[in-house]
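# Structural overview for review
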Amino acid sequence: MALTNRTDLLHRNRIKGKIISFSKFKLRRIKGIFFILLLSTTFLCTGLLHPTWAYKFVNNSTVQSITDTQDLVERGKQLYAAERFAEAVKVWQQAISGFKAKVDELQQAATLGNLSLAYQQLGQWNEAQIAITQSLNLLGYTQQQQENHSSIKNPQILAQILDIQGRLQLAQNKPEDALNIWQKAVDIYEKIGDENAVIRDRINQAQAMQALGFYRRAEKTLTETTKILAAQPNTPLKVTGLRSLGNVVQVTGDLKTSREILLQSLEVAKSLSDNKVIGDILVSLGNTARAQEDTQAAIKFYQQAAKTTNSPTTVIQALVNEFSLLVDNGENQDLQGLSSQIQTQLAKLPPSRSAIFARINFAQSLIELNGNQLEAGSKKKQNFKDSSSPNSYLTAAKLLADSVEQAKSLQDKRTESYALGMLGKVYEKTQQWDNAQKLTEEALFISQGIGAEEITYQWEWQLGRLLKAKGNIEDAISFYDKAVNTIKSLRYDLFAVNPQVKFSFQKDIEPVYRERVDLLLNSQGKSEINPINLEKASETIELLQIAQLNNFFRNTCLDTRLVQKQENSTAVVIYPFILKDRLSVVVQLPNNSKNNDQNKDKDKNNKWLHYESVVNADEVKQTLNQLQRDLPKPHTLRTVQKKSQKVYNWLIQPKLEAALKSIENPTLVFILDGALRNVPPAVLYDGKQYLVEKYNLALIPSQQLVEAKPLQKDLSAIAAGLSKPSAGFSALPNVERELEKIDSQIPSDILLNEEFTSKTLQERINSLPYPVLHLATHGKFSSKAEETFIVAWNNERIYVKDFNKLVHSVEQNKPEAIELLVLSACQTALGDEKAALGIAGVAFQAGARSTIASLWNLDDQSTSILMGQFYQELADKKISKAQALRNAQIKLLKSRKYKRPRYWAPYILLGNWL
């Protein structure tokens, strides 16, 4: 394309990464971790140490001789603030030499701390560690001093150095060390009465706690900090603290609280008439509103920021974010004018990391805009000569070329890598594969050299795409493997990123897994796919499910629950996967199937089945969505059976149907993808029978999240529910009968209506070990945690993230987990193909080994009949949970009154099926 005549220009581009750095948040992502820049007058937490703190230790006769060296320190601070970190390093090195010549160890120590910060910004971790170690040695920070802070001569500077050391440890994925170091700094700050520094380090500690998986501790710390800040008088430090706290809370996914805190910060900033800070807060509010999908509010915040601030950097951030949001929402009418305004502003900015990222962000939006237009059917070639057009790849390329040159001039390897990789993406979009590969390889080399894994995986993924496009499938798979492994190693770092601001799980993570599965299941003209690839495909599907749940929670709490896959003798694990041009099914057969027994030498081959239906993703989703809408309706039996049979043919017929004949009493365990989760497998229809009539059924997100073992203990239950209206939901008059049925089958502690509150429920859960928790109340399952909840008395909503609080004491004090959680009157959100994630979310937050939930709610006597029968069956310890639910469903199905699927089909079993 027309980009080829710019080859000399484009090859100068070198940048990489993902705009996960979010300079608009005033956050800096170092080695995949966000750090708050508390931009106070003393530069604390960014760590820049004021040399004035050292003046009082300097003899008057030496003040004049130190002046020139102090000027170097101040110059270094100015360069750091301008994000010219490499230059700051050189200046501070000179200053350190000057202090060393004058035997001023205190000033050396302070400046070495600042030097470590600059090295951290450049990704030079060894140099940063050496500088910190030298600083602590100069301060004489011995083991004895670590234990007895009273003997410290210069506690203020030492605490500052410890802050910087903690930041370095967190940057190197050592959150436990960071937490301990920041606690030592807090101890010092408390002794010298520096309350603001204590608040700052508590926010830092909360980040370390989140990285360690201590989510409740982190939440408690942040809540306490919010209260302390709210009680303070209006000062610049209060503004900074609230804004930083709002940004950290935003990263955890608590968007409502983040917005509230940021609004508090805004009001304080307005009372102080600080337009620069007001603009920064408005940008953060725009980002939060965007994450909440409150588009109009986000645009308003961005526009207000651009008009209010006196900072050119904040202006460009606000404009670029607004442009990006309009592109994402397909609102193209205002883009031309906004594009011109952005380009004018960019030309005025001096080189800095923020300015470079603004260019990269804008270029990325231009690339996405072109892609959106092509996907929408605009197949004609773009006018690449019109570089002022907002849909021009050439405009993006020029921006990236400038970014590379500026990154090189600043010696900013992280930014250079990101620019290079994005430039490679421009070449990829214009199908210039060789140039794209060369640029991407350069970007990857740089990111690997500085240990920037959150950038590295992107270029590994990009190389996989490029090699696939060039027909080199084997090497493409290799790079996809590397990308997936890198994502796995990122853990908290990745899923703590805000999902809507220049980083989207759906755009930037999920496709890596999907494209890897697509490659592994591509037969490449062969009659059968290698069983090794089938196994890798199944593992990738499970990894995607775990990643989706981690993203749902905005943390990696599930990682602690992963178990070794079990070899089983009865479960047939089915992995249906929706690809763009086909629906692919991978099946793992149990060890005792006749397929395996017939040839022991080929167990590996016979363990796996694979088959596909040539049907595009849009048709699959349309069919499933229509089936989801029709199932609860009263007069749609023929339509339901027709569409259910269509799905049956995709998932079961004919290959699996034949294989199941050789397995005695199998349980079909589905790991469902996308919209398939919103349709219960029980309703699949072969033309004569429903699937539930033939097999035990269960759903799981991953074999690593389920430990299949039978129920060992005697049954008893907490059975809670609402028969009266609450929280805007209608009455459920049949709930009382349902709870009575349960109580008649197993010993139950009943909480009905007024008795059913979160407080009472928690007290009952913690009083005695109840293996069953049955909740008969309205609820909603969504792909968003903040929209997934159940309803309690007095208009109370218990949100999914609060479920672990309900069982907190159980987790901490007792070995018993909830064996079975039943949610009998909930429903999934229509139109949300990942709504069933909410079911898994509730299950795992509650710590339940098994969960039975309804995909739609019918307030009908049929529910109480089914539940009564289920518990009656479950009382027989020889019957598995899957068998008990199936028997109860068949009882309804065989009755004249309740034979339609709308009555018996909504219930699914998630988790341990035994």
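Please read these numbers as outputs of a predicted model, since none were measured by experiment.

The next thing to look at is the overall build of the chain. A count of helices and strands for the chain gives 40 helices and 17 strands. The buried share among the 914 residues of the chain stands at 62%. Long-range contacts, defined here as pairs at least 24 residues apart, represent 71% of the contacts in the chain between residues at least 6 apart. Total accessible area computed for the chain in this model is approximately 35100 Å², and 47% of it derives from carbon and sulfur atoms.

It is worth spelling out the packing of aromatic side chains at this point. In total, this model carries 11 aromatic pairs according to the counting rule given. Clustering of aromatic rings is evident, with ring pairs tying together Tyr80, Phe85 and Trp92. The ring of Tyr903 carries Arg902 above its face, with NZ or CZ at 5.0 Å from the centroid.

Right, let's talk about the side chain of Glu819 for a bit. If you trace the backbone, Glu819 turns up in the loop between helix H36 (808-813) and strand E14 (820-823). Take Glu819: its relative accessible area is 8%, and that puts it in the buried class. Setting aside anything within four residues of it in sequence, one finds Glu819 in contact with Leu711, Lys713, Pro771, Arg849, Ser850 and Lys881.

Attention now goes to the packing of helix H15 (residues 295-308) against helix H16 (residues 312-328). It is the contact of H15 with H16, at a shortest axis distance of 8 Å, that shows an interaxial angle of 155°. Judged on the interaxial angle alone, H16 and H15 are roughly antiparallel. Crossing of H15 over H16 shows left-handed handedness. Of the residues in H16, those in contact with Thr295, Ala298, Ile299, Tyr302, Gln303, Ala305 and Ala306 of H15 are Val315, Ala318, Leu319, Asn321, Glu322, Leu325 and Leu326. Taken together, the residues of the contact of H15 with H16 sort by class into 10 nonpolar, three polar and one charged.

On to the confidence of the model for the chain. In the predicted model, the chain carries a mean pLDDT of 83, and 84% of its residues have values of at least 70. Below pLDDT 50 for its whole length, residues 497-501 participates in 25 contacts with residues either more than four positions away or in separate chains. With pLDDT under 50 throughout, residues 809-815 is counted as low confidence; its partners more than four residues away or in other chains account for 13 contacts.

This part takes up the sheet that holds strand E11 (residues 779-781). Picture the strands of a sheet paired through backbone hydrogen bonds; they go either parallel or antiparallel. A sheet is described by the order of its strands in space; here four strands give the open sequence E13-E12-E11-E15, paired in mixed fashion. Here the strands that pair on one side only, and so sit at the sheet edges, are strand E13 (797-799) and strand E15 (826-828). Averaged over all pairs of adjacent strands, the angle between strand axes in this sheet comes to 20°, irrespective of strand direction. Pairing geometry for E11 and strand E12 (residues 789-791), over two bridges, is antiparallel. If you follow Gly779 over to E12, its bridge partner there is Ile790.

Glancing now at the nonpolar core. In this structure, Phe670, Leu775 and Trp913 are the most contacted members of the largest nonpolar core, which totals 247 residues. Once you skip the residues sitting within four places of it in the chain, Trp913 turns out to touch Ala571, Thr667, Val669, Ala698, Ile700, Val706, Ala708, Ser880, Lys881 and Ala882.

This model, assessed by the stated rule, comprises 31 salt bridges. Here Glu87 makes a salt bridge to Arg84, at a shortest N to O gap of 2.8 Å. In this structure, Asp630 engages Lys633 in a salt bridge whose closest nitrogen and oxygen atoms are separated by 3.8 Å. Taken together, the shared-partner salt bridges connect Asp518, Asp581, Arg582 and Glu612 into one network.

Moving on, we get to helix H33 (residues 735-745). Residues of H33 that are buried include every one of Val735, Glu738, Leu739 and Ile742, and no others. The arc that holds every buried residue of H33, seen down its axis, measures 95°, which confines them to one face.

Turning our eyes to something else, we now look at unusual backbone geometry. The step from Gln653 to Pro654 runs through a cis peptide bond, and the omega angle for that step is -5°. Looking at the secondary structure, you find Pro654 in the loop between helix H31 (637-651) and helix H32 (655-660). Its identity as a non-glycine residue notwithstanding, Val103 has a phi of 55°, on the positive side. Tracing the backbone through its elements, the reader meets Val103 in the loop between helix H4 (85-101) and helix H5 (105-121). Although it is not a glycine, Asn794 adopts a positive phi angle of roughly 65°. For Asn794, the location among the structural elements is in the loop between E12 and E13. Since its relative accessible area comes to 61%, Asn794 is described here as exposed.

A separate point is the packing of helix H9 (residues 175-192) against helix H10 (residues 195-212). Across the interface, H9 lies against H10 with an axial gap of 9 Å and an inter-helix angle of 165°. Relative to H10, the element H9 lies roughly antiparallel. The element H9 and its partner H10 pack so that their crossing is left-handed. Judged by residue contacts, Pro175, Glu176, Leu179, Trp182, Gln183, Ala185, Val186, Tyr189 and Glu190 of H9 engage Ala197, Val198, Arg200, Asp201, Arg202, Asn204, Gln205, Ala208, Met209, Ala211 and Leu212 from H10. A class-by-class count of the residues in the contact of H9 with H10 yields 12 nonpolar, three polar and five charged.

As a further point, take the environment of Ile487. Take Ile487: it is sitting in helix H23 (residues 473-490). What makes Ile487 buried here is its relative accessible area of 1%.

Moving on, we come to the side chain of Thr788. Counting through the fold element by element, Thr788 comes out in the loop between E11 and E12. For Thr788, a relative accessible area of 0% gives the class buried. For Thr788, the side chain forms a polar contact with the main-chain oxygen of Lys784, separated by 3.0 Å. Dropping the residues within four chain positions of it, Thr788 is found in contact with Phe552, Lys780, Phe781, Ser782, Ile798, Tyr799, Val800, Gly838 and Val842.

Attention shifts here to the pairing of strand E4 (residues 583-588). The buried fraction of E4 is high, at six of six residues. Direction of pairing for strand E3 (residues 571-578) relative to E4: antiparallel, over a ladder of six bridges. Each residue of the ladder has a partner; that of Ile574, found in E4, is Val587. Here E3 folds back onto E4 in antiparallel fashion, the turn holding four residues. Here six bridges tie E4 to strand E5 (residues 608-613), and the two strands are oriented antiparallel to one another. Across the sheet, residue Ser584 finds its bridge partner in E5, namely Glu612.

All right, on to the environment of Tyr302 then. Relative to the elements of secondary structure, Tyr302 occurs in helix H15. With 12 residues separating them in the primary sequence, Tyr302 and Thr314 have C-alpha atoms 9.7 Å apart. In contact with Tyr302, not counting residues within four places along its chain, are Val283, Gly286, Asn287, Arg290, Ala318, Asn321, Glu322 and Leu325.

Conventions and cut-offs
Residues numbered from 1 in each chain as written. Predicted model: local features only at pLDDT ≥ 70, side-chain atom pairs only at ≥ 80, totals over all residues. Heavy atoms only, no water. Helix = DSSP H or I, 4+ residues; strand = E, 2+ residues; numbered from the N terminus. Buried < 20%, exposed > 50% of the residue type's maximum accessible area, 1.4 Å probe, protein only. Contact = heavy atoms within 4.5 Å. Areas by Shrake-Rupley, 256 points an atom, 1.4 Å probe, with all protein chains shown as cover. Phe/Tyr/Trp six-rings, centres within 6.5 Å; stacked < 30°, edge-to-face > 60°. Lys NZ or Arg CZ within 6 Å of the ring centre and 35° of its normal. Axes fitted to C-alpha atoms, helices over the stretch in contact; angles between N-to-C directions. Parallel < 35°, antiparallel > 145°, perpendicular 65-115°, else oblique. Left-handed = near helix turned anticlockwise from the far one by under 90°. Nonpolar A, V, L, I, M, F, W, Y, C, P; charged D, E, K, R; others polar. pLDDT = per-residue confidence, 0-100. Pairing = 2+ DSSP bridges. Core = buried A, V, L, I, M, F, W, Y, C linked by side-chain atoms within 4.5 Å. Salt bridge = Lys/Arg side-chain N within 4 Å of Asp/Glu carboxyl O. Arc of directions from axis to C-beta. Polar contact = N/O pair within 3.5 Å; in protein donor to acceptor, adjacent residues only side chain to side chain.

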